Amino acid sequence: DIQMTQSPSTLSASVGDRVTITCRASQSISSWLAWYQQKPGKAPKLLIYRAFILQSGVPSRFSGSGSGTEFTLTISSLQPDDFATYYCQQYNSYVPYTFGQGTKLQIK
Amino acid sequence: QLQLQESGPGLVKPSETLSLTCTVSDASISSSSYYWGWIRQPPGKGLEWIGSIYHSGSTYYNPSLKSRVTISVDTSKKQFSLKLSSVTAADTAVYYCARGCYEFWSGSYPGYYFDYWGQGTLVTVSS
């Protein structure tokens, strides 16, 4: 399996802050990476696919970058609605599709 | 607006078979651009892909669950289903169905991300 490791596991920040979450793959996955946001009791919501393409309807303060084994999700200016848990998912190959362990973004 | 809705028992006894169905609304389950998948999340934990199916019936399973999983599709009813046999307490989780948006073919398998998810249903394995 391709292991996906996110850092940090927990992140404390304030409204207006710029935050970055990192996702590392145990082997190269090219740009086949998606980012999801999940709020308590809700299904994950797709934010970004192919490492950098913003899903329709997602605010432009979210951005993604990276390729190969290292990827980042950046929120340029945190809004109250952004406090949630974020997951990355690789879909480079069927070995199986795997998710990171999650990064909980909480209010400082 | 596409909607997916999971249905099935919320309580399953150990060693029995978990059965869930996902109904797709306002979209074609037979589109060539999409796969249809199941993902689960144990309470307080992360996400695990279980498997996916194409409208033709081609299936792709997580190797760690493959011996116990069967996914099927009924295009006339716009439904796809999950069966997980010989369940234990470790299978207690919220089960999500989701649409996989096709991006590429690796040579043996499709690559896709999940763009629409059902609300999820909690299945508890307990006697």
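This write-up is about the structure you can find in this document.

Here is what the cut-offs are and how they apply
Residues numbered from 1 in each chain as written. Chains lettered and ligands numbered in written order. Predicted model: local features only at pLDDT ≥ 70, side-chain atom pairs only at ≥ 80, totals over all residues. Heavy atoms only, no water. Helix = DSSP H or I, 4+ residues; strand = E, 2+ residues; numbered from the N terminus. Buried < 20%, exposed > 50% of the residue type's maximum accessible area, 1.4 Å probe, protein only. Contact = heavy atoms within 4.5 Å. Areas by Shrake-Rupley, 256 points an atom, 1.4 Å probe, with all protein chains shown as cover. Lys, Arg positive; Asp, Glu negative; His and termini not counted. Charge placed at Lys NZ, Arg CZ, Asp CG, Glu CD. Salt bridge = Lys/Arg side-chain N within 4 Å of Asp/Glu carboxyl O. Disulfide = S-S within 2.5 Å. Pairing = 2+ DSSP bridges. Axes fitted to C-alpha atoms, helices over the stretch in contact; angles between N-to-C directions. Buried area = accessible area lost by both parts, 1.4 Å probe. Nonpolar A, V, L, I, M, F, W, Y, C, P; charged D, E, K, R; others polar.

### Concerning the overall build of chain B
Then, in step 1: Helix and strand content of chain B: zero helices and 11 strands.
Then, in step 2: Reading the secondary structure of chain B in the N-to-C direction produces β-β-β-β-β-β-β-β-β-β-β.
Then, in step 3: Within chain B, buried positions represent 48% of all 127 residues.
Then, in step 4: Of the contacts made within chain B by residues no fewer than 6 positions apart, 56% connect residues no fewer than 24 positions apart.
Then, in step 5: Here chain B displays about 5,500 Å² of accessible surface, and carbon together with sulfur accounts for 46% of that area.
Then, in step 6: Treating the 9 positive side-chain charges of chain B as one cloud and the 8 negative ones as another, the clouds have centres 6 Å apart.

### Brief notes about the pattern of salt bridges
Residues and elements named next belong to chain B.
Then, in step 1: Tallied over the entire structure, the rule returns eight salt bridges over all chains.
Then, in step 2: Between Asp-91 and Arg-40 there is a salt bridge, with its nearest N and O atoms 2.8 Å apart. Of the two residues, Asp-91 is situated in the loop between β8 (79-84) and β9 (93-105) and Arg-40 in strand β4 (residues 34-41); the sequence distance between them amounts to 51 residues. Side by side, Asp-91 and Arg-40 carry an identical accessibility label, which is buried.

### Points about the state of the cysteines
Residues and elements named next belong to chain A.
Then, in step 1: Under the criterion given, the structure shown has two disulfides over all chains.
Then, in step 2: Linked covalently through their sulfurs, Cys-23 and Cys-88 form a disulfide whose S-S length is 2.1 Å. Its S-S torsion of about 70° marks the bond between Cys-23 and Cys-88 as right-handed, since a negative value means left-handed. Here Cys-88 lies in strand β9 (residues 85-90) and Cys-23 lies in strand β3 (residues 19-25), a separation of 65 residues in the sequence.

### With respect to the sheet that holds strand β8 (residues 70-75) of chain A
Residues and elements named next belong to chain A.
Then, in step 1: Here we have four strands laid out as an open sheet, ordered β1-β3-β8-β7, and antiparallel in their pairing. Strands with a single pairing partner mark the edges of an open sheet, and in this sheet they are β1 (4-7) and β7 (62-67). Between one strand axis and the next, the sheet turns by 20° as a mean value, whatever way the strands run.
Then, in step 2: Pairing geometry for β3 and β8, over six bridges, is antiparallel. Residue Val-19 lies in a different strand from β8, and its bridge partner there is Ile-75.

### Examining the interface of chain B and chain A
Then, in step 1: With 25 residues of chain B at the contact, the number on the chain A side is 19 residues.
Then, in step 2: Of the roughly 2,000 Å² buried at the junction of chain B and chain A (both faces included), carbon and sulfur atoms supply 63%.
Then, in step 3: Taken together, chain B and chain A are joined by one salt bridge.
Then, in step 4: Between B:Glu103 and A:Arg50 there is a salt bridge; the shortest N-O distance is 2.6 Å.
Then, in step 5: Breaking the side of chain B that touches chain A down by element, the ones donating at least two residues are β4, β5 (48-53), β6 (59-61), β9 and β10 (110-117) of chain B.
Then, in step 6: Here the residues of the side of chain B that touches chain A are counted per class, giving 14 nonpolar, seven polar and four charged.

### Some details on unusual backbone geometry
All names here are of chain A.
Then, in step 1: Of note, the bond from Ser-7 into Pro-8 is cis; its omega dihedral lies within 30 degrees of zero at -5°.
Then, in step 2: Unlike most non-glycine residues, Ser-30 shows phi in positive territory, near 55°.
Then, in step 3: Looking at where Ser-30 falls in the secondary structure, it is placed in the loop between β3 and β4 (33-38).
Then, in step 4: For Ser-30, a relative accessible area of 37% corresponds to the partly exposed category.
Then, in step 5: Positioned with a positive phi, Ala-51 is a non-glycine residue whose angle comes to about 75°.

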